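Architecture at a glance
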Amino acid sequence: IIGSFALLGTRTNQRTIIVTFRIACIVVVSVLIVETLSTKTYEDIFSPADYFRNTRGLEQLSFDGSKLFQNSVKIPGRFSFNIADHRTSSVFVEQVSLANFSGVLLIYLTSMFRAIRVSDRVLFIFTIALILVTNDSRTMLMFAGVCFVGYFLFPRLHKLFTLAVMPLVLIGGYLVYMISPDATGDDLDGRVVLTVHKMMELDFASV
């Protein structure tokens, strides 16, 4: 993925990049609309459960005959906008990848907002919003807030600040760990603390 983006960014002109993102966005949002309005049609076309069984060896749990990937089924008590009856996946057939795609679109929109036409802005904003309200990704909701503020803030920061971003993220993670070292569960604190625990288990070569 990193290699593909590097090649796309260095070997093509701006117009090609804009068209590439436009086409990708149209494909993703079109399938997402079908998935949201007619889940049965989406299941019949993509059959995510079969895909993951055949490619990853993950046997599908029984969900009343659903052909969705089991991780997309809503977990009771988990944050949700309740727009779709499951966590959407679109062409990716897996919900985390769709959430990550919204993150890519957020970065693109933040960087290219002034360079793209109004129709593209509407397309990308609509796609991002639809992903966020149907995919129920808390991380990408927070990231959307960061990008919104960042659109106005980032141009004012010195370019060397980018070198400090990852150290600041790591420091923030360790601060959460210090405040709530016993946090567990599928929430922000629990995920951060689990990540810090895993990082502390790494040996020097792994780091």
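So, here's what we can say about the structure. Every value quoted in this text rests on a predicted model; they were computed, and no experiment measured them.

What about unusual backbone geometry?
Here serine 90, not a glycine, exhibits a phi torsion of approximately 55°, which is positive. Tracing the backbone through its elements, the reader meets serine 90 in the loop between α4 (48-56) and α5 (95-112). A positive phi angle, close to 55°, is found at valine 93, a residue other than glycine. If you trace the backbone, valine 93 turns up in the loop between α4 and α5.

A closer look at the side chain of serine 89
Mapped onto the elements, serine 89 comes out in the loop between α4 and α5. The contact partners of serine 89, leaving out residues within four places of it in the chain, are Glu35, Tyr42, Ser72, Glu94, Gln95 and Leu98.

Here's the deal with the side chain of threonine 36
Mapping threonine 36 onto the fold places it in helix α2 (residues 14-37). One polar contact links the side chain of threonine 36 to the main-chain carbonyl oxygen of leucine 32, over a distance of 2.8 Å.

A look at the pattern of salt bridges
In this structure the tally under the stated criterion is four salt bridges. Between aspartate 44 and lysine 40 there is a salt bridge; the shortest N-O distance is 2.9 Å. Taken together, the positions of aspartate 44 and lysine 40, both in helix α3 (residues 39-46) and four residues apart, correspond to about one turn of that helix. Aspartate 44 sits in the partly exposed class, given a relative accessible area of 40%. Of the charged contacts, one joins arginine 53 and aspartate 50 as a salt bridge, the two residues approaching to 2.0 Å between their closest N and O atoms. Residue arginine 53 and its partner aspartate 50 are both found in helix α4; the two are separated by three residues, about one turn of the helix. By relative accessible area, arginine 53 is classed as partly exposed at 30%. The exposure class of aspartate 50 is partly exposed, given its relative accessible area of 30%. It is possible to trace a salt-bridge network through shared partners that takes in Lys40, Asp44 and Lys67.

A word on the environment of alanine 99
Mapped onto the secondary structure, alanine 99 falls in helix α5. The class for alanine 99 is buried, based on a relative accessible area of 5%. For alanine 99 and arginine 138, which are 39 residues apart along the polypeptide, the C-alpha to C-alpha distance reads 9.4 Å.

The rules behind the values
Residues numbered from 1 in each chain as written. Predicted model: local features only at pLDDT ≥ 70, side-chain atom pairs only at ≥ 80, totals over all residues. Heavy atoms only, no water. Helix = DSSP H or I, 4+ residues; strand = E, 2+ residues; numbered from the N terminus. Contact = heavy atoms within 4.5 Å. Polar contact = N/O pair within 3.5 Å; in protein donor to acceptor, adjacent residues only side chain to side chain. Salt bridge = Lys/Arg side-chain N within 4 Å of Asp/Glu carboxyl O. Buried < 20%, exposed > 50% of the residue type's maximum accessible area, 1.4 Å probe, protein only.

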